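# Examining the three-dimensional arrangement
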Amino acid sequence: MRSIRNLFVPLMEKLLADGTIHEYEIDTEGIHTDAPGTFLIAYVAANAGALDKVNAAVRESQKANPLGGPTFNSMVDFTQHRDYRARTNATYK
């Protein structure tokens with residue numbers, strides 16, 4: 001989990017600071033309903049444009065840190081990959 005945090009926290013903090021995202025979490029399950037070692041990266045973005053900016057920032061981060069992508073890929077089982085996107089009209093404070 002430390003490696004995941006080392007890869008993603010600086011990126012997410014930069015996106016948080018420039019207003020692209022409003023919040024992020026890098027979590028593991030407290031009660032394992034999925035495989036142990038499962039981790040979740042969740043963030044709140046204002047709109048679709050912000051989602052595009054996050055994706056672009058991830059791509060640029062991988063270019064800047066060429067070992068980051070292979071490191072991440074070695075820790076992830078993409079056969080069980082899931083994406084989840086939700087839309088809400090909640091107010092984040």
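Look up: the structure comes first, before these words.
These lines cover the structure that appears in this document, whether it is placed above or below. (Residues numbered from 1 in each chain as written. Predicted model: local features only at pLDDT ≥ 70, side-chain atom pairs only at ≥ 80, totals over all residues. Heavy atoms only, no water.)

When helices and strands are counted, the chain shows three helices and two strands. For the chain, the α and β elements follow one another from N to C terminus as α-β-β-α-α. Burial statistics for the chain: of 93 residues in total, 18% are counted as buried. Residue pairs in contact within the chain that sit at least 24 positions apart in sequence constitute 47% of those at least 6 positions apart. As displayed, the chain has an accessible area near 7,300 Å², and 53% of this comes from carbon and sulfur atoms. (Helix = DSSP H or I, 4+ residues; strand = E, 2+ residues; numbered from the N terminus. Buried < 20%, exposed > 50% of the residue type's maximum accessible area, 1.4 Å probe, protein only. Contact = heavy atoms within 4.5 Å. Areas by Shrake-Rupley, 256 points an atom, 1.4 Å probe, with all protein chains shown as cover.)

If charged atoms from side chains of opposite charge come close, those side chains can pair. One pass over the structure, following the stated rule, counts one salt bridge. In this structure, the salt-bridge partner of K63 is E60, at a minimum N-O distance of 3.5 Å. Of the two residues, K63 and E60 both sit in helix 2 (residues 48–64), three residues apart, roughly one turn of that helix. The class of K63 is exposed, set by a relative accessible area of 63%. Owing to a relative accessible area of 47%, E60 belongs among the partly exposed residues under this scheme. (Salt bridge = Lys/Arg side-chain N within 4 Å of Asp/Glu carboxyl O.)

What follows concerns the environment of L40. By the secondary structure assignment, L40 is in strand 2 (residues 39–45). For the pair L40 and T28, spaced twelve residues apart in the sequence, the C-alpha separation amounts to 6.2 Å.

Nonpolar side chains in soluble globular proteins generally cluster together in the buried interior. Within the largest apolar cluster, twelve residues are counted, these being I4, F8, L11, M12, L15, I21, Y24, I26, F39, V54, A57 and F72. Elements that contribute at least two residues to this core include exactly helix 1 (2–17), strand 1 (21–28) and helix 2. Among the elements that line this core, the one with the most residues is helix 1, at five residues. Not counting residues within four places of it along the chain, the set of residues in contact with A57 comprises L11 and L15. (Core = buried A, V, L, I, M, F, W, Y, C linked by side-chain atoms within 4.5 Å.)

In this section: helix 3 (residues 68–75). Restricting attention to buried positions, one finds in helix 3 the residues G68, G69 and F72. For helix 3, the angular spread of the buried residues around the axis is 95 degrees, confining them to a single face. (Arc of directions from axis to C-beta.)

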